[in-house]
Amino acid sequence: MYLRVIRQSINVIYCSKENSSRINPDFANRTECSKEGENFRITLHRLQESDSEIYVCTDVLQVKEIYRKTIIVLVKAKSRRPLEQSPLHANPEQGQSVNITCELKSEEKFYLFRTHVQPGAVLSVPNLRGSGVSPAFENRLEYSREGNRIVVILHKLQEKDSDNYICAQEVKGSPLFSARGTMVLVKEVEQACEKSSWDLYALLMVMAVLLCALVCCALYRVDVKKYFQRKKPNEVYEDMSYNSRRSTLVRTNTYSRGE
């Protein structure tokens, strides 16, 4: 199995099942290969900025070369990045879009990589006319280019699109130039729904309390009204009884005097 630099068609190391290997002099003393079952593990040590490349694992079966896996290596530079990219981070909601702007060095081949969650190439633009888009962003990506400035728009973002997106460019005779990247964290819809449900629950509780207060107030007023309606006839009856007794006493006295 070979580990090869795609752009320069240079073999970094060759690993065989017999535990023998051949290493490119540029990677001598900092590359090792080990066998784990049916798989090989290749480790590059003491990486340098010049090691920023696109590597591929290949195998030869019956004189036919088979590509196994592509690896993108972007070594962070201690000095100022050769490419500028904005914004540094974005926090859109699901279904929204995000714009990523890259300031390039030239009009040579350009890439947009995602490097953490699902590493791979999102967009590759070999020249001003052609482009290649990852199947994951098919019909969800558009870009525009004016000179050395390129703007990439990712549409209808989903939670699985959360990742670090880095602009990179091939420059002849140089390693891959890269920017700092844009960290995209897509908000979950459930969080917004949960907040709305709590707001609705609080509103319903307030309305229920107010309704109970109104009902209690209405019942209290009805009870007071009925109480006074019951008391009034009794007072009238007592007054009439008193007047009746008084009239009887007067008539009795008058009759007595007549005799």
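Structure: above.
Counting starts from 1 at the beginning of each chain's written sequence and moves along it residue by residue. Per-residue local features of the predicted model are confined to residues with pLDDT of at least 70, and side-chain atom pairs are confined, for both listing and counting, to 80 or more; whole-chain, interface and lining totals are unaffected and use all residues. Remark: hydrogens and water are excluded; side-chain values derive from all non-hydrogen atoms of the structure.

**Concerning the overall build of the protein**
Inclusion rule: Per the convention used, a helix needs a DSSP run of H or I reaching at least four residues, while a strand needs a run of E reaching at least two, with both numbered from the N terminus. Only protein chains enter the accessibility calculation, which uses a 1.4 Å probe. A residue is then buried if its area is under 20% of the maximum for its type, exposed if over 50%, and partly exposed in between. The contact rule is simple, with two residues in contact once any of their heavy atoms fall within 4.5 Å. Residue burial considers only the protein chains on display, and all accessible areas are found by Shrake-Rupley using a 1.4 Å probe.
Along the backbone of the protein there are one helix and 18 strands. Looking at the protein residue by residue over its 259 residues, the buried ones come to 30%. Residue pairs at least 24 apart in sequence account for 52% of intrachain contacts in the protein once pairs closer than 6 positions are excluded. Summed over all atoms, the accessible surface of the protein reaches about 18300 Å², with 53% contributed by carbon and sulfur.

**Considerations on the pattern of salt bridges**
Applicable threshold: When a carboxyl oxygen of Asp or Glu lies within 4 Å of a side-chain nitrogen of Lys or Arg, that pair is called a salt bridge.
In the structure shown here, the tally under the stated rule is four salt bridges. Of the charged contacts in the structure, one is a salt bridge between Arg-30 and Asp-51, with a shortest N-O distance of 2.8 Å. Linking Arg-30 in the loop between β3 (21-23) and β4 (31-36) with Asp-51 in the loop between β5 (39-44) and β6 (53-61), this pair joins segments that are 21 residues apart in sequence. Grouping residues by exposure puts Arg-30 and Asp-51 together as buried. As a salt-bridge pair, Asp-161 and Arg-140 come within 2.9 Å of each other at their nearest N and O atoms. Remark: Arg-140 occurs in the loop between β13 (132-133) and β14 (141-146) and Asp-161 occurs in the loop between β15 (149-154) and β16 (163-169); sequence separation between them is 21 residues.

**What about the state of the cysteines?**
Quick note on the threshold: Pairs of cysteine sulfur atoms within 2.5 Å are what we label disulfides.
Taken as a whole and judged by the stated rule, the model has two disulfides. There is a disulfide in this structure between Cys-15 and Cys-33, and the S-S distance comes to 2.1 Å. On the criterion of sequence distance, the pair formed by Cys-15 in strand β2 (residues 10-15) and Cys-33 in strand β4 is long-range, its members being 18 residues apart. At a sulfur-sulfur separation of 1.5 Å, the disulfide partner of Cys-102 is Cys-167. Here Cys-102 is found in strand β10 (residues 98-103), whereas its partner Cys-167 is found in strand β16, with 65 residues between them in sequence. The exposure classification of Cys-102 matches that of Cys-167, with both residues buried.

**As for the pairing of strand β11 (residues 110-114)**
The test is simple: Here a strand pair is declared whenever DSSP counts at least two bridges between the two strands.
The buried fraction of β11 is high, at five of five residues. Here β11 shows a buried face lined by Phe-110, Leu-112 and Arg-114 and a second buried face lined by Tyr-111 and Phe-113. Pairing of β11 with strand β12 (residues 120-125) involves five bridges; the strand directions are antiparallel. The residue bridging Phe-113 from the neighbouring strand is Ala-121, located in β12. Where β11 lies against β16, five bridges are found, and the strand directions are antiparallel. Opposite Leu-112, over in β16, you have Cys-167 as the bridge partner.

**Considerations on a nonpolar patch on the surface**
What counts here: Excluding any residue in a salt bridge, patches collect residues exceeding 30% relative accessible area, merging like charges within 9 Å and nonpolar Val, Leu, Ile, Met, Phe, Trp and Tyr side chains within 5 Å.
A contiguous nonpolar patch, built from Leu-200, Leu-203, Leu-204 and Met-207 and spanning about 400 Å² of accessible area, is present on the exposed surface. Turning to its location among the elements, Met-207 is positioned in helix α1 (residues 189-258). For Met-207, a relative accessible area of 49% gives the class partly exposed.

**A look at the environment of Ser-34**
The topology assignment puts Ser-34 in strand β4. Judged by relative accessible area, which is 33%, Ser-34 ranks as partly exposed. Taking the C-alpha atoms as reference points, Ser-34 and Ser-16, 18 residues apart in sequence, are found 9.7 Å from one another. Those residues in contact with Ser-34, other than ones at most four positions away along the chain, are Asn-39, Phe-40 and Arg-41.

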